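What follows is each chain in one-letter form.
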Amino acid sequence: MSHYDQFAPFYDTVMGDRGDVIDIISDAITHHHPAAKSLLELGCGTGSIMAGFADNFELHGIDQSANMLQIAQHKLPSATLHQGTIAGSELHQQYDVIICVFDTLNHLTDYSDWQKLLASTKKHLCSNGLFIFDMNTIGRLQTLSSIPSFIQDFKTGTMEMIIEPVAANEVIWHVTIQEPAADGAIQVYQERVHEASFPIDQVTAELATRFEVLERFDSNHEQPTDSSDRVYFVCR
Ligand SMILES: C[S@@+](CC[C@H](N)C(=O)[O-])C[C@H]1O[C@@H](n2cnc3c(N)ncnc32)[C@H](O)[C@@H]1O
C-alpha cells in the first residue's frame, strides 16, 4: 500500500468542495491560454479537481496511490490515468496545461524532487503551455504545526488530525479515521502525510530558470509572502 491508499475512500467526503481551486485554475486558463484542450494533473488523487474540467478538456492524471486512482477512474471514465511519481515520470506526451494543486507539491519533501518535477513539467508542456500550481508556505506549515489536534465528524465516521512539526519547514500530518463496520466493530484507518515547503523566492528563482512566471498570488489574491497560507503560481 502506498500513502493515501487508506485515506482514499474518505478523501472526498473529508476534504469537501474544492470549487475555489477549480475557479482559480479556470480563470488562469481563460486569461492565458483559452485555446488549451488537454490537461494533466500531477497528484490527481480522486479526480475531483480534474472533474471541473471534464466538459472542455482531454484529461490525464498521475498519482502514486492505486486506490485514489481507482476512484478517479470511476468518476472520470475517459481520463487517462497513470500510477507513478510526480517527481520526474516520463509520460511520452505533451499537454496544454499541467496543474499540481491542493498542497501536492509540498508532499515532495526533498528540494531535489521539486527540481525534478519542474524539469519534467517543462518537458511535458506544449509550447505556449501553462503550468499552474500551489504550495503551502513555510509560514503556513509552522502555523498548522502549532495548532492542537482536531477531530472532525463526517457522515459515516470521525477523523482525527495531529500535525507534528519535524523541522522548521516540515510537518507530518497524522490522520486517523474511525468508522463503524457493518458488524458494529470500529474500523481504524491511519495515514501519515509528510509535507515540506521552501522559501517562495527560492521557488520563484528556480521557476525562472525554466518558465516565465505570469502570476504569483496568495489565497486573498494578494502579493504572497512566506507567511501567506497558500501561494498560487501561473507559469508559461
Ligand atoms: C492532497 S492530495 C491532492 C489530490 C488532488 N490534487 C485534489 O486536490 O483532490 C495529494 C495527492 O498527491 C499524491 N502524491 C503525493 N506524493 C506523490 C508522489 N511523489 N508521486 C505521485 N503522487 C503523489 C497523493 O497520492 C495524493 O493523491
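Residues numbered from 1 in each chain as written. Predicted model: local features only at pLDDT ≥ 70, side-chain atom pairs only at ≥ 80, totals over all residues. Heavy atoms only, no water.

Draft legend 1. Structural detail: the environment of Met68. Assignment of secondary structure puts Met68 in helix α3 (residues 66-75). Between the C-alpha atoms of Met68 and Gly47, which are 21 residues apart in sequence, the distance is 8.1 Å. Sequence-distant contacts of Met68, defined by excluding residues within four places in its chain, comprise Tyr4, Asp5, Ala8, Tyr11, Gly45, Thr46 and Asp63. (Helix = DSSP H or I, 4+ residues; strand = E, 2+ residues; numbered from the N terminus. Contact = heavy atoms within 4.5 Å.)

Draft legend 2. Spotlight on α3. Residues of α3 that are buried: Met68, Leu69 and Ala72. The buried residues of α3 all sit within an arc of 95° when viewed along its axis, so they share a single face. Exposed side chains of α3 directed beyond 90 degrees from the buried face belong to Gln70 and His74. The inward-facing, buried residues of α3 abut α1 (8-15), β2 (58-63) and β3 (80-83). (Buried < 20%, exposed > 50% of the residue type's maximum accessible area, 1.4 Å probe, protein only. Arc of directions from axis to C-beta.)

Draft legend 3. Quick look at the pairing of strand β5 (residues 125-136). By the criterion of burial, β5 is predominantly enclosed, with nine of the twelve residues buried. Sheet topology note: the strand β4 (residues 95-100)/β5 ladder contains five bridges and is parallel. Looking at the pairing, Tyr95 lines up with Leu125 of β5. Between β4 and its parallel partner β5, the chain crosses via helix α4 (residues 111-124), and the hand of that crossover is right-handed. Where β5 and strand β11 (residues 230-235) come together, six bridges link them in antiparallel fashion. Paired with Phe133 across the two strands is Phe233, which belongs to β11. (Pairing = 2+ DSSP bridges. Right-handed = clockwise from strand over helix to strand, strands pointing away.)

Draft legend 4. Up close: the sheet that holds strand β10 (residues 213-218). Taken together, the seven strands give an open sheet; going across it, the order is β3-β2-β1-β4-β5-β11-β10, and neighbouring strands pair in mixed fashion. Looking at which strands have only one partner, the edges of the open sheet turn out to be β3 and β10. Averaged over all pairs of adjacent strands, the angle between their axes in this sheet comes to 15°, without regard to strand direction. Here α3 sits on the sheet in contact with β2 and β3, set at roughly 175° to β3. Relative to β5, α4 is tilted by about 150°, and along the sheet it contacts β1 (38-42), β4 and β5. (Axes fitted to C-alpha atoms, helices over the stretch in contact; angles between N-to-C directions.)

Draft legend 5. Representation of the site of the ligand within the structure. In the region of the ligand, 20 residues are neighbours, and Arg18, Glu41, Gly43, Asp63 and Ile86 sit closest. For the ligand, a nitrogen atom lies 2.7 Å from a polar atom in the side chain of Glu41. In the environment of the ligand, an oxygen atom lies 2.6 Å from a nitrogen or oxygen atom belonging to the side chain of Asp63. Protein coverage of the free-state accessible area of the ligand, which is 600 Å², stands at 95%. Looking at the shell around the ligand residue by residue, the classes come out as nine nonpolar, eight polar and three charged. (Near = heavy atom within 4 Å. Polar contact = N/O pair within 3.5 Å; in protein donor to acceptor, adjacent residues only side chain to side chain. Areas by Shrake-Rupley, 256 points an atom, 1.4 Å probe, with all protein chains shown as cover. Nonpolar A, V, L, I, M, F, W, Y, C, P; charged D, E, K, R; others polar.)

Draft legend 6. Region of the structure containing the sheet that holds strand β8 (residues 170-180). Read across the sheet, four strands follow the order β6-β7-β8-β9 without closing on themselves; strand pairing throughout is antiparallel. Looking at strand neighbours, the two that pair on one side only are β6 (150-154) and β9 (186-196), the edges of this open sheet. Neighbour-to-neighbour, the strand axes of the sheet open up by a mean angle of 20°, direction not taken into account. Packed on one face of the sheet, α1 meets β6, β7 (157-167), β8 and β9 and runs near 95° to β6.

Draft legend 7. Highlighting the state of the cysteines. The full count for this structure, using the stated rule, is zero disulfides. Sulfur of Cys44: no disulfide; nearest cysteine sulfur belongs to Cys100 and is 10 Å away. Free of any disulfide, Cys235 has its nearest cysteine sulfur in Cys100, 12 Å distant. With a relative accessible area of 0%, Cys235 lands in the buried category. (Disulfide = S-S within 2.5 Å.)

Draft legend 8. Summary view of the domain arrangement of the protein chain. The domain boundaries assigned to the protein chain delineate domain 1 (8-136 + 198-235) and domain 2 (139-196). Measuring from the centre of the C-alpha atoms in domain 1 to the corresponding centre in domain 2 gives 23 Å. Contacts between the two partners involve 16 residues from domain 1, matched on the other side by 15 residues from domain 2. Between domain 1 and domain 2 lies a buried interface of about 1,300 Å² when both sides are counted; carbon and sulfur atoms form 63% of it. Counting across the domain 1 and domain 2 interface gives zero salt bridges. Counting across the interface, domain 1 meets domain 2 through five residue pairs in polar contact (both at pLDDT 80 or more). At three residues, α1 tops the list of elements feeding residues into the side of domain 1 that touches domain 2. Among the residues making up the side of domain 1 that touches domain 2, the classes are represented as five nonpolar, seven polar and four charged. (Domains from an automatic or database assignment. Buried area = accessible area lost by both parts, 1.4 Å probe. Salt bridge = Lys/Arg side-chain N within 4 Å of Asp/Glu carboxyl O.)

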